[in-house]
Amino acid sequence: MTILTKDRLEVGGTIAIVDQSKCVGCLTCVRTCPFHIPQIDHQATGIGEIVGAAYIEPSLCTGCGTCTSECPASAIQLRRYRDDQIMVAEEPILGQWFAVTELSL
């Protein structure tokens, strides 16, 4: 009953977000999503003024990351797990590993 009495429910967790300005409308996300969540928003404009860009409904997205990994234009990112955040986090670790490996050789 508590849930039903709320005016607004917040969805938490990781979800995929589309940067429609980078979307090329290739439908890869639509085809690969196991939950059939991504759709083409025909009112949105993608890269190069292409009519139609992907849209992912946040309340339906499970955050599995399939569309993110398959997007050839890198237009889809997982909230809180963007490419630039992950790559920056790995650089110090990889740098230390390579330095240790070179010393041991």
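Residues numbered from 1 in each chain as written. Predicted model: local features only at pLDDT ≥ 70, side-chain atom pairs only at ≥ 80, totals over all residues. Heavy atoms only, no water.

Chemist: Would you explain the nonpolar core in this entry?
Modeler: Side chains of nonpolar character tend, in soluble globular proteins, to be buried together. Ala16, Ile56, Cys67 and Ile76 are the most contacted members of the largest nonpolar core, which has 17 residues in total. Every residue in contact with Ile76, bar those within four places of it in the chain, is listed here: Ala16, Ile17, Val18, Cys29, Ile56, Cys67, Thr68 and Cys71. (Core = buried A, V, L, I, M, F, W, Y, C linked by side-chain atoms within 4.5 Å. Buried < 20%, exposed > 50% of the residue type's maximum accessible area, 1.4 Å probe, protein only. Contact = heavy atoms within 4.5 Å.)

Chemist: So what exactly am I meant to see when it comes to unusual backbone geometry here?
Modeler: The phi torsion at Leu27 lies on the positive side, around 70°, for a residue other than glycine. Among the structural elements, Leu27 can be located in the loop between β1 (16-18) and α2 (28-32). (Helix = DSSP H or I, 4+ residues; strand = E, 2+ residues; numbered from the N terminus.)

Chemist: Is there a simple way to explain the pairing of strand β3 (residues 51-55) in this structure?
Modeler: Each regular strand carries side chains that alternate between the two faces of the sheet. Pairing of strand β2 (residues 39-45) with β3 involves four bridges; the strand directions are antiparallel. By the bridge assignment, Asp41 is partnered in β3 with Ala53. Where β2 folds back on β3, the antiparallel hairpin that results is connected by five residues, among which Gly48 adopts a positive phi of roughly 65°. (Pairing = 2+ DSSP bridges.)

Chemist: I keep staring at the environment of Tyr55 and nothing clicks. Help me out?
Modeler: Take Tyr55: it is sitting in strand β3. Classification of Tyr55 as partly exposed rests on a relative accessible area of 37%. Once the C-alpha coordinates of Tyr55 and Asp19 are considered, the two residues, 36 residues apart in sequence, prove to be 8.9 Å apart. Once residues lying within four places of it in the same chain are set aside, the contact partners of Tyr55 are Val18, Gln20, Ile37, Pro38, Gln39 and Asp41. A distance of 3.1 Å separates the side chain of Tyr55 from the side chain of Glu57, its partner in a polar contact. (Polar contact = N/O pair within 3.5 Å; in protein donor to acceptor, adjacent residues only side chain to side chain.)

Chemist: Even after reading the chapter, I still don't get the confidence of the model for the protein chain, so can you show me in this structure?
Modeler: Note that predicted coordinates carrying low pLDDT should not be read in detail. Per-residue confidence for the protein chain averages 80 on the pLDDT scale, and 71% of its residues sit at or above 70. For the protein chain, per-element mean pLDDT is lowest for helix α4 (residues 83-104), which scores 54, and highest for α2, which scores 95. Within the model, the stretch residues 99-105 combines pLDDT values under 50 with zero contacts to residues more than four positions away or in other chains. (pLDDT = per-residue confidence, 0-100.)

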